[in-house]
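# Coordinates in review
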Amino acid sequence: TGWLVQAHNRWWDSETVYAKQNGGDYDFIIDSEGRNGAMPTEQRFFDDLMADKASWGLRVYEQDWLYNEFMQKVGAVLESATLARTWLMQMGEGARKAGLTIQYCMPFARHLLQSLEIPVVTQARASDDYQPANDNWAIGGQNILMDALGLAPSKDCFWSTVNQPGNPYTYADNVTEPYPELQAAAITLSAGPVAV
């Protein structure tokens, strides 16, 4: 299509095939407390992961679930003063070498502040996850910090019409998006990426 792509990554699972502990080629910390998380710990991993991806249209690597990585998946980041910084710096260096940019998603303020050392982090999610009829369009508060740090705020995708036949939300009957125009205005005026 010639369209640019934003790749999404949640977290690394404790069973990742990339980890030496699971027969892979790369050093990872595998959480030993049953959290099912893992974290790559060598630059070579991010260099290899991101190499040559721009050739097929990848433009942005999105590291999602940063909150979960820190609070629920890899306890070692709460025990080390440098592990999380090293992880983010290695990710940034891999992206820089590959000519990619990074979007942080579900970040704490510490992740946003760390982006000051990582020029390829150009945007961050300012909204909560979208659910029809929620207020994830209200991104003004987060925008203040992101703008001060030189990051473009990103708003999660949304339904562009009131009704979405065949939608996957089965938690309630007749789920609708009452404000598609408001959602569109917020995502467009955010100055961040617009998802289609």
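One can find the structure itself at the top, above this paragraph.
No experiment lies behind these values; they were computed from the predicted model shown.

## Things to note about the side chain of Arg125
Looking at the element boundaries, Arg125 is found in strand β7 (residues 121-125). Within the structure, the side chain of Arg125 is placed 3.0 Å from the backbone oxygen of Ser127, a separation counted as a polar contact. Of note is the side chain of Arg125, whose polar atom sits 3.2 Å from the backbone oxygen of Asp128. Beyond its immediate sequence surroundings of up to four residues, Arg125 is in contact with Gln103, Tyr104, Cys105, Met106, Pro107, Met146, Ser154, Lys155 and Asp156.

## Some remarks on a nonpolar patch on the surface
Residues Tyr67, Met71 and Leu78 make up a contiguous nonpolar surface patch of about 270 Å² in total accessible area. Note that Met71 resides in helix α2 (residues 66-73). Overall, the relative accessible area of 39% leaves Met71 in the partly exposed class.

## A word on the pattern of salt bridges
Tallied over the full model, the rule gives nine salt bridges. Asp27 is the salt-bridge partner of Lys20, the closest N and O atoms lying 3.0 Å from each other. Classification of Lys20 as partly exposed rests on a relative accessible area of 46%. Of the charged contacts, one joins Glu117 and Arg85 as a salt bridge, the two residues approaching to 2.8 Å between their closest N and O atoms. With a gap of 32 residues between them, Glu117 in the loop between α4 (109-114) and β7 and Arg85 in helix α3 (residues 83-98) connect regions that are remote in the sequence. For Glu117, a relative accessible area of 41% corresponds to the partly exposed category. The exposure class of Arg85 is partly exposed, given its relative accessible area of 37%. Shared partners join several salt bridges into a network, and the residues in it are Asp31, Glu33 and Arg35.

## A closer look at the nonpolar core
Judged by nonpolar contacts, the single largest core of 36 residues is most densely connected at Phe46, Met50, Tyr61, Trp87, Met91, Ile102 and Tyr104. Elements that contribute at least two residues to this core include exactly β4 (37-40), α1 (43-50), β5 (58-63), α2, α3, β6 (101-104) and β7. Among residues more than four places away in sequence, those in contact with Met91 are Phe46, Met50, Tyr61, Gln63 and Ile102. Core analysis: the next-biggest nonpolar cluster, separate from the first, contains five residues, Tyr130, Trp159, Val175 and Ile187 among them.

## Regarding the sheet that holds β4
Read across the sheet, three strands follow the order β2-β4-β3 without closing on themselves; strand pairing throughout is antiparallel. Both edges of this open sheet fall to β2 (12-13) and β3 (28-30), since each of them pairs with a single strand only. The pairing of β3 with β4 spans three bridges and is antiparallel. From the neighbouring strand, Ile29 faces β4, where its bridge partner is Met39.

## Focus on the sheet that holds β7
With respect to topology, five strands assemble into an open sheet ordered β1-β5-β6-β7-β8, the strand pairing being parallel. Of all the strands in the sheet, the pair left with one neighbour each is β1 (5-9) and β8 (152-154). Direction aside, the axes of adjacent strands within the sheet are offset by 30 degrees on average. Note: β5 against β6, four bridges, orientation parallel. Within β6, the position partnered with Val60 by the bridge is Thr101. Sitting on the sheet, α3 touches β5 and β6, and the angle it makes with β6 is about 145 degrees.

What counts and how
Residues numbered from 1 in each chain as written. Predicted model: local features only at pLDDT ≥ 70, side-chain atom pairs only at ≥ 80, totals over all residues. Heavy atoms only, no water. Helix = DSSP H or I, 4+ residues; strand = E, 2+ residues; numbered from the N terminus. Polar contact = N/O pair within 3.5 Å; in protein donor to acceptor, adjacent residues only side chain to side chain. Contact = heavy atoms within 4.5 Å. Patch = residues over 30% accessible without salt bridge, like charges linked within 9 Å, V, L, I, M, F, W, Y side chains within 5 Å. Areas by Shrake-Rupley, 256 points an atom, 1.4 Å probe, with all protein chains shown as cover. Salt bridge = Lys/Arg side-chain N within 4 Å of Asp/Glu carboxyl O. Buried < 20%, exposed > 50% of the residue type's maximum accessible area, 1.4 Å probe, protein only. Core = buried A, V, L, I, M, F, W, Y, C linked by side-chain atoms within 4.5 Å. Pairing = 2+ DSSP bridges. Axes fitted to C-alpha atoms, helices over the stretch in contact; angles between N-to-C directions.

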